Amino acid sequence: MKCFVGLDVSSTKLDVCIMLSDTTTPFTASLSNDLTGASEIKKHILELNETYAFERIVIGMEATSLYSFHPAMFFHEDSQLKALNVEVMVEQPNKIKKYRETFEESKNDTIDAFYIADYFRIERFSPAFLKEEKYLALQHLTRTRLQLIEQLTRTKQHFIENIYYKCNTLSTEIKNENLTISLWSSTIISLMTEVCTLDDLANIPLKDLADFIQKLGRGRFKAPDKLAKAIQAAIRGSYRLPKLQQDSVNVILGLLAREIRNLEQMIKDIDKAIEDMVEVIPEYQCLTSVPGVGKVYAAGIIAEIGQIERFKDHPQVAKYAGLNWRQNQSGNANSQNTDLVKRGNRYLRYYLVEAANSVRRHDSEYQTFYKKKYHEVPKHQHKRAIVLTARKFVRLVDALLRNRQLYAPPRRLMEDR
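So, here's what we can say about the structure. (Residues numbered from 1 in each chain as written. Predicted model: local features only at pLDDT ≥ 70, side-chain atom pairs only at ≥ 80, totals over all residues. Heavy atoms only, no water.)

1. A closer look at the overall build of the protein chain
Convention followed: Here a strand is any run of E in DSSP of at least two residues, a helix any run of H or I of at least four, and the numbering for each starts at the N terminus. To get the radius of gyration, use the C-alpha atoms; to get the globule rule, take the number of residues to the power 0.38 and multiply by 2.2 Å. Classification of residues uses two cut-offs on accessible area relative to the type maximum, computed with a 1.4 Å probe and protein chains only: under 20% is buried, over 50% is exposed, and between them is partly exposed.
The helix and strand tally for the protein chain stands at 19 helices and nine strands. A globule of 417 residues ought to have a C-alpha radius of gyration of about 22 Å, yet the protein chain, at 28 Å, is considerably larger. Its C-alpha atoms give the protein chain principal-axis dimensions of about 90 × 60 × 50 Å. Here the protein chain holds 417 residues, and 44% of them are scored as buried.

The structure is reproduced here in structure tokens:
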């Protein structure tokens, strides 16, 4: 006899259905999502095991972000349940949703718990063993880092929009001078938010403005005179806002500038915390041995994958990251136009794509592969090529982690050099 425990988890409730392999349900309940509720479920599992002596016990639930974290770890770490070799599974919600929808029943938490248990009872799921504590701790840092990066991107975009209100030709004039400075560089932020009014900047002698820009940039600009010329041209050619509108834009720019600086400092701090933590995870050295893969990218990949043994092979890792493509086949026809399956772990996908983009700049094999894929299509060339490069990179990541080895360039490439 086998036992399958289905948990429908929310922020406050644990709806539970304990189902046996003969589909009987000796226990169903709605309990609190806390230590008391989880302990009650554990008690019933142990009592039923005394009666049936289960050959297998599976506790399954949907991945519901932070809500499923505590119950999953409670059952996974409990010593009494470990003694019974209890398996704790966290499945993708879309798989259980599709299974439940085949029965065309109404949706509520009690029914959901029943179908979660039934989904695990048919044993068509792929084991997804929980990650060890060190990977989970690292995951908190790497996921927060990505969230900060996304927040910084949105803030910079908002800053650019308000710069356009204040000085709408600034971006164009900078491009006309072939300058590579970004509109959210610290120098531009200071000039647009803190230093002078636009009229003051327009009336400063060009050489004095160039010297002032070089001082703000701490001597890093190669052509401060060109930047000064672009700024003054932009000010003279831009629309002028009425005073009230100008004041509101200045307030917003000042707030956004402060947020950009704070976010950039937070990202530096979290990068340092990530680098300190990966020192206790030896696998990261396998990935940082690949040219172009730094500690942060390696940490992000390792944190999401966890123990590589959780996955059967590299296609399963790619599928988990959403780096696989749907097959579109009917009869003897097999379509070559297939969409990327974007379901999966978006954090792992992000770190794999970013790492692959860096690797292809440092490794000739990946550079050649990227260029080949880039020139195969007329549209979306970079996007397609870098995703395919990331898929190739998954094979390397899987091999290095599974074999606990450092990266070595292919022998052919070494001989060419």
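Here the narrative resumes.
2. Quick word on helix α11 (residues 224-237)
Because the α-helix completes a turn every 3.6 residues, residues three or four places apart line up on one side. Cut-off, in case you're wondering: In this analysis, the expected span of each helix is defined as 1.5 Å times one less than the number of residues it contains.
In this model α11 runs 20 Å from its N-terminal to its C-terminal C-alpha over 14 residues, within 8% of the 20 Å that 1.5 Å per residue would give. What α11 keeps buried is the set P224, L227, A228, A230, I231, Q232, A234 and I235.

3. Overview of the side chain of R100
Note the cut-off: Nitrogen and oxygen atoms within 3.5 Å of one another constitute a polar contact, given that in protein one can donate a hydrogen and the other can accept it, and given that sequence-neighbouring residues count only through two side-chain atoms.
For R100, the location among the structural elements is in helix α4 (residues 93-101). Note on R100: relative accessible area 11%, which makes it buried. A polar contact of 3.4 Å, which involves the side chain of R100, links it to the side chain of D112.

4. Digging into the pairing of strand β4 (residues 56-62)
To keep things clear, this is the line we draw: Strand pairing requires that DSSP identify at least two bridges connecting the strands.
Counting buried positions along β4 gives seven out of seven residues, so the element sits mostly inside the fold. Burial along β4 is two-sided: the face carrying R56, V58, G60 and E62 and the face carrying I57, I59 and M61 are both buried. As paired elements, strand β1 (residues 2-9) and β4 share six bridges and run parallel to each other. Within β4, the position partnered with F4 by the bridge is V58. Relative to strand β5 (residues 87-91), β4 runs parallel, the two sharing five bridges. The residue bridging G60 from the neighbouring strand is M89, located in β5.

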